[in-house]
Amino acid sequence: MKTGLKNLDEIIQGLNNSSINIIAGRPNMGKSSLAFNIALNVAKKGKVPVLVFSLEMSKEYILNNFIDSNLSNTKIIIEDTPGISAENIRKQCIKLKKEENIGLVVIDYLQLISTEKKASKEQELSDIGLSLKKLAEELEIPIFITSQLSKEPDIRFKAGQAPRPTLKDFGYSSRIIKYADTIMLLYKDDYYYQNSDKKNVLEINVAKNKNGGLGTVELKYNSNFRKFEDI
């Protein structure tokens, strides 16, 4: 299965069944936009039903701001229950795998998933990561999850250091790293530097990849078509 972004697919070798794929970054880096863009590409080009869990934004907001209006011959199911639990995500995925044969699940975002267990936030996120990995393997489909990074990139920037994110910036969410098959770290240079020569450029650093290579690709957002494009 392809993401629909040629240069990214060349590095990650497409989306493998049973895989957990993390899109991570600080706020305003385009995590949701990229995740929904990939969901639409898979639904359209791969002709695969896609299930999207949006824990922060409503279905109407997503359709109006992130997904183009041409949804003919595509099936995107959007679940926008705030704070949905990992167990309810699992139940809905199993149900819709049987009813719609969904081929991709997108969850936006990790830190807003709730759990029924009382534990530290670090342990909760670790349990969620394990639960989602088992779900991907059970249904034999890829799962995309967006994740917030810690404030470390911003702290480095204020200290005059490079703000590009690294795997260490997951902070208390770091246990999710071991369950991920691919991890993509997002960075916008013009967010930090007003005089950047990379205006409206999204940098994706593939920092972990069990089934392909590592590397960086750059995309530009086409606002007319509401999609990312290779540069």
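It should be noted that the structure appears before, not after, this text.
Quick summary incoming for the structure in this document. None of the values given here were measured: they were computed from a predicted structure.

Scoring rules and cut-offs
Numbering of residues begins from 1 in every chain and follows the order in which that chain's sequence is written. Reporting in this predicted model follows two pLDDT cut-offs: at least 70 for local features of residues, and 80 or more for side-chain atom pairs to be given and counted; totals over whole chains, interfaces and linings ignore these cut-offs and use all residues. Side-chain descriptors were evaluated using all non-hydrogen atoms of the structure, hydrogens and water having been removed beforehand. The helix and strand labels rest on DSSP assignments: H or I over at least four residues marks a helix, E over at least two residues marks a strand, and numbering proceeds from the N terminus. Within these notes, the globule rule equals 2.2 Å times the number of residues to the 0.38 power, and the radius of gyration is based on C-alpha atoms. Relative accessibility thresholds used throughout: buried, under 20% of the residue-type maximum; exposed, over 50%; partly exposed, between the two (1.4 Å probe, protein chains only). Residue contacts are defined here by distance: any two heavy atoms, one from each residue, within 4.5 Å place the two residues in contact. To be clear on the numbers: accessible area is Shrake-Rupley with a 1.4 Å probe, and residue cover counts the displayed protein chains and nothing else. The charge count includes Lys and Arg as positive and Asp and Glu as negative, but it does not include His or the ends of the chains. Here the site of a charge means NZ on Lys, CZ on Arg, CG on Asp, or CD on Glu. Whenever two N or O atoms come within 3.5 Å, that pair is a polar contact, provided that in protein one can donate a hydrogen and the other can accept it, and provided that, for residues adjacent in sequence, both atoms are side-chain atoms. Among buried residues, those of type Ala, Val, Leu, Ile, Met, Phe, Trp, Tyr and Cys that are joined through side-chain atoms within 4.5 Å constitute a nonpolar core. The axes are straight lines fitted to the C-alpha atoms, using for helices just the contacting stretch, and the angles between their N-to-C directions are given from 0 to 180°. By definition in this entry, angles of less than 35 degrees are roughly parallel, angles greater than 145 are roughly antiparallel, angles of 65 to 115 are roughly perpendicular, and the rest are oblique. Each residue is assigned to one of three groups, with Ala, Val, Leu, Ile, Met, Phe, Trp, Tyr, Cys and Pro labelled nonpolar, Asp, Glu, Lys and Arg labelled charged, and all others, Gly among them, labelled polar. Here a strand pair is declared whenever DSSP counts at least two bridges between the two strands.

1. A short note on the overall build of the chain
For step 1, the next point in the chain: When helices and strands are tallied, the chain shows seven helices and nine strands.
For step 2, the next point in the chain: The C-alpha atoms of the chain give 17 Å as radius of gyration, which agrees with the globular expectation for 231 residues (17 Å, within 12%).
For step 3, the next point in the chain: Projecting the C-alpha coordinates of the chain onto the three principal axes gives extents of approximately 50 × 45 × 35 Å.
For step 4, the next point in the chain: A total of 231 residues make up the chain; the buried ones form 51% of that total.
For step 5, the next point in the chain: The long-range fraction of contacts in the chain, counting pairs at least 24 apart against all pairs at least 6 apart in sequence, stands at 67%.
For step 6, the next point in the chain: For the chain, the accessible area works out to roughly 11100 Å², and carbon and sulfur atoms hold 46% of it.
For step 7, the next point in the chain: Mean positive and mean negative side-chain charge positions of the chain (34 and 29 charges, respectively) differ by 1 Å.

2. A look at the side chain of Ser173
For step 1, the next point in the chain: Tracing the chain through its elements places Ser173 in the loop between α6 (152-158) and β6 (182-187).
For step 2, the next point in the chain: Ser173 gets classed as buried once you look at its relative accessible area, which sits at 2%.
For step 3, the next point in the chain: Within the structure, Ser173 has its side chain in polar contact with the side chain of Gln111 (distance 3.0 Å).

3. Notes on the nonpolar core
For step 1, the next point in the chain: In terms of nonpolar packing, the biggest core is built from 36 residues, with Leu8, Ile23, Leu34, Phe144 and Ile204 touching the most fellow members.
For step 2, the next point in the chain: Taken together, the elements giving at least two residues each to this core come down to α1 (6-12), α2 (31-45), β2 (50-54), β4 (104-108), β6, β7 (201-209) and β8 (215-222).
For step 3, the next point in the chain: Ranked by residues supplied to this core, first place goes to α2 with eight residues.
For step 4, the next point in the chain: With residues near it in sequence (within four places) discarded, Ile23 still touches Lys31, Leu34, Ala35, Ile38, Phe144, Ile145, Thr146, Ser147, Met184 and Leu186.
For step 5, the next point in the chain: Ranked by size, the runner-up nonpolar core spans 34 residues in total, among them Ile22, Leu51, Leu149 and Leu185.

4. Focus on the packing of helix α4 (residues 86-100) against helix α5 (residues 121-139)
For step 1, the next point in the chain: Interhelical geometry of α4 versus α5 gives an angle of 10 degrees and a closest axis separation of 10 Å. Considering the angle they form, α4 stands roughly parallel to α5. Only Ile128, Ser131, Leu132, Leu135, Glu138 and Leu139 of α5 make contact with α4, whose side of the interface consists of Ala86, Ile89, Arg90, Cys93, Ile94 and Lys97.
For step 2, the next point in the chain: Partitioning the contact of α4 with α5 into residue classes produces eight nonpolar, one polar and three charged.

5. A word on the sheet that holds β7
By way of backbone hydrogen bonds, the strands of a sheet pair with one another, either parallel or antiparallel.
For step 1, the next point in the chain: Read from one edge of the open sheet, nine strands run β3-β2-β4-β5-β1-β6-β7-β8-β9, paired in mixed fashion. Bordering the open sheet on either side are β3 (76-79) and β9 (227-230), each of which pairs with just one other strand. Shown here is a sheet whose adjacent strand axes are inclined to one another by a mean of 25 degrees, direction ignored.
For step 2, the next point in the chain: Sheet topology places β2 next to β3; four bridges connect them, and they run parallel. Looking at the pairing, Leu51 lines up with Ile77 of β3.
For step 3, the next point in the chain: Contacts from α4 reach β2, β3 and β4, with the element oriented near 160 degrees to β2.

The values are spatial; any link to function lies outside them.
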